[in-house]
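Listed below, chain by chain, are the residues.
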Amino acid sequence: MALSSTLPYFHKDIVLSLIHHLHLHLFHFFLSPPSQKRTPFLSRPNTSKFPELICRAAAAEYKFPDPIPEFAEAETEKFRTHLMKKLSKKDIFGDSLQEVVDICTEIFSTYLNTEYGGPVSLLVMPFIDMAVTLNDKGLPGGPRAARAAIKWAQDHVDKDWNAWRGSDN
């Protein structure tokens, strides 16, 4: 995924803040109980601490590395093991536990094999897909499973990627 040099260059902190804000709104909107849902995008992120200056990119385009199938396979197994252990502590899944874990693992694996390209490329959409898919299939605990999945991913995927590639970032 490359950024075009013909598009305006935004200060990295502004872009990251906006992406984070969008992710929080989407995560809240899709995974909150209906009684707590509110219309997304009603508030703006606080950008007062960021410079107002927007300039064209002077540096070369940045291209995220391609996904690494071996990394995706190893990380998927860690994910499956963790999710099974975490969700088995909850009584809400009952006989559906294996199916819930299989669906979440399949979505996570597909994401790692097709889109994840290292730190800063971990997206919230696969986790929203998990909750939506589980809910659409009438399985229990979609939001809970998605929260457990994204929590684990935020804590481990980027660190494991750096360890796999031998970098400290």
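Now for a description of the structure that goes with this document. (Residues numbered from 1 in each chain as written. Predicted model: local features only at pLDDT ≥ 70, side-chain atom pairs only at ≥ 80, totals over all residues. Heavy atoms only, no water.)

1. Examining the packing of helix α3 (residues 97-114) against helix α5 (residues 142-165)
Our working rule: Interaxial angles span 0 to 180 degrees and are taken between N-to-C directions of axes, which are lines fitted to C-alpha atoms, for helices over the stretch in contact. Under the DSSP-based scheme used, a helix requires at least four consecutive residues in state H or I and a strand at least two consecutive residues in state E, with every element numbered from the N terminus. Note on angle classes: values under 35 degrees are labelled roughly parallel, values over 145 roughly antiparallel, values of 65 to 115 roughly perpendicular, and the remainder oblique. Crossing handedness: left-handed means the near helix sits turned counterclockwise from the far one by under a right angle, and right-handed means the same turn made clockwise. Residue contacts are defined here by distance: any two heavy atoms, one from each residue, within 4.5 Å place the two residues in contact. Following the grouping adopted for this structure description, the nonpolar residues are Ala, Val, Leu, Ile, Met, Phe, Trp, Tyr, Cys and Pro, the charged ones are Asp, Glu, Lys and Arg, and the polar ones are all others, Gly among them.
Close contact between α3 and α5 brings their axes to 11 Å; oriented N to C, the two are set at 40°. Relative to α5, the element α3 is oriented oblique. Along this stretch, α3 crosses α5, giving a crossing that reads as right-handed. Here V100, C104, F108 and L112 of α3 come into contact with α5, specifically with A145, W152, A153 and V157. Of the residues that constitute the contact of α3 with α5, the class distribution is 8 nonpolar, no polar and no charged.

2. A look at helix α2 (residues 69-87)
Worth spelling out the cut-off: Multiplying 1.5 Å by the residue count of a helix minus one yields the expected span of that helix. Only protein chains enter the accessibility calculation, which uses a 1.4 Å probe; a residue is then buried when its area is under 20% of its type maximum, exposed when over 50%, and partly exposed in between. It is the directions from the helix axis to the C-beta atoms that the arc portrays.
Here α2 contains 19 residues, and its C-alpha end-to-end distance of 26 Å stays within 8% of the 27 Å for a straight helix at 1.5 Å per residue. Taken as a whole, α2 has its buried residues at F71, A72, E75, T76, F79, L83 and L87. One face of α2 carries all of its buried residues, which in axial projection span an arc of 125°. Exposed residues pointing more than 90 degrees away from the buried face of α2 are listed as E73, T81 and K85.

3. Regarding the nonpolar core
Selection rule: For our purposes a nonpolar core is just a set of buried Ala, Val, Leu, Ile, Met, Phe, Trp, Tyr and Cys residues, chained together by side-chain atoms within 4.5 Å.
Grouped together as the largest cluster of nonpolar side chains are 34 residues, with contacts concentrated most on L87, F108 and M130. Of all the secondary structure elements, the ones that give two or more residues to this core are α2, α3, α4 (125-136) and α5. Ignoring anything within four residues of it in the chain, the contact list for L87 reads F93, L97, V100, V101, A145 and A148.

4. As for unusual backbone geometry
For V120, which is not glycine, the phi dihedral falls at a positive 80°. Within the secondary structure, V120 is located in the loop between α3 and α4. When its relative accessible area of 60% is taken as the criterion, V120 is described as exposed.

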